[in-house]
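Overview (structure and organization)
Next come the chains, spelled out residue by residue.
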Amino acid sequence: MKGVSLNDNILYTVKEVAALLKTNVDYVHKLRKAGLLPFLKLGQYKVRKEALADFLSRYEGKDLTNPFQIKELDYNGEN
C-alpha cells in the first residue's frame with residue numbers, strides 16, 4: 001500500500017475500539033450488528049481507523065445508547 005508503513009495502526013480489534021470509545025466489547029458488537037460501524041473479519045472482527053473516524057463524525061450529537069434506535073441529543077438538559 002502506498003503511503004502506509006507497517007508502524008501505522010490502520011486496523012483496530014473490537015477490544016481496541018471499546019477502549020478508544022471508553023465502552024465495552026459487547027456495546028461495540030451492538031454497533032457492528034446495527035450496521036453503524038463497518039467491520040471486516042480477518043480471524044477476528046477489525047475496523048479501519050478511517051471507518052472509526054467517520055463513525056465518530058457521522059454520529060456526533062446523537063444518543064447511541066441503543067444503536068438500533070438513534071436519537072438526537074437533548075441539549076435542554078432533559079436527557
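Before going into details, it helps to say that this report is about the structure given with it. Given the structure is predicted, the values throughout are model-derived calculations rather than measurements.

1. Section: the packing of helix H1 (residues 14-21) against helix H2 (residues 25-33)
- One can describe the packing of H1 onto H2 by two numbers: an axis separation of 8 Å at closest approach and a directional angle of 105°. The angle between the axes of H1 and H2 places the two elements in the roughly perpendicular class. Side by side, H1 and H2 meet where Val14, Lys15, Val17, Ala18 and Leu21 of the first sit next to Val25, Val28, His29 and Leu31 of the second.
- Here the contact of H1 with H2 is composed, by residue class, of seven nonpolar, one polar and one charged.

2. Focus: the nonpolar core
- Within the largest apolar cluster, 16 residues are counted, with the highest numbers of intra-cluster contacts made by Val17, Leu37, Val47 and Phe55.
- Among the elements of the structure, H1, H2 and helix H3 (49-58) are those that each provide at least two residues to this core.
- If we skip the residues at most four places from it in the chain, Leu37 touches Val17, Leu31, Arg32, Val47, Ala51, Leu52 and Phe55.

3. Some details on H2
- For H2, every residue scored as buried is listed here: Tyr27, Val28, His29 and Leu31.
- Backbone nitrogen of Asp26 and a side-chain oxygen of the N-cap are separated by 3.1 Å at the start of H2; the cap is Asn24.
- Looking one or two residues beyond H2, the residue adopting positive phi is Gly35, at roughly 80°.

4. Some thoughts on the sheet that holds strand S2 (residues 40-42)
- The sheet built from three strands is open, its strands ordered S1-S3-S2 with antiparallel pairing. Only two strands of the sheet have a single partner each, and these edge strands are strand S1 (11-13) and S2. Taken over all neighbouring pairs, the strand axes of this sheet differ in orientation by 45° on average, direction set aside.
- Across three bridges, S2 lies against strand S3 (residues 44-48) in antiparallel orientation. Across the sheet, Lys41 pairs through a bridge with Tyr45, a residue of S3.
- Its contacts with the sheet put H1 on S1 and S3, and the angle it makes with S1 is roughly 90°.

Thresholds applied
- Residues numbered from 1 in each chain as written.
- Predicted model: local features only at pLDDT ≥ 70, side-chain atom pairs only at ≥ 80, totals over all residues.
- Heavy atoms only, no water.
- Axes fitted to C-alpha atoms, helices over the stretch in contact; angles between N-to-C directions.
- Helix = DSSP H or I, 4+ residues; strand = E, 2+ residues; numbered from the N terminus.
- Parallel < 35°, antiparallel > 145°, perpendicular 65-115°, else oblique.
- Contact = heavy atoms within 4.5 Å.
- Nonpolar A, V, L, I, M, F, W, Y, C, P; charged D, E, K, R; others polar.
- Core = buried A, V, L, I, M, F, W, Y, C linked by side-chain atoms within 4.5 Å.
- Buried < 20%, exposed > 50% of the residue type's maximum accessible area, 1.4 Å probe, protein only.
- Polar contact = N/O pair within 3.5 Å; in protein donor to acceptor, adjacent residues only side chain to side chain.
- Pairing = 2+ DSSP bridges.

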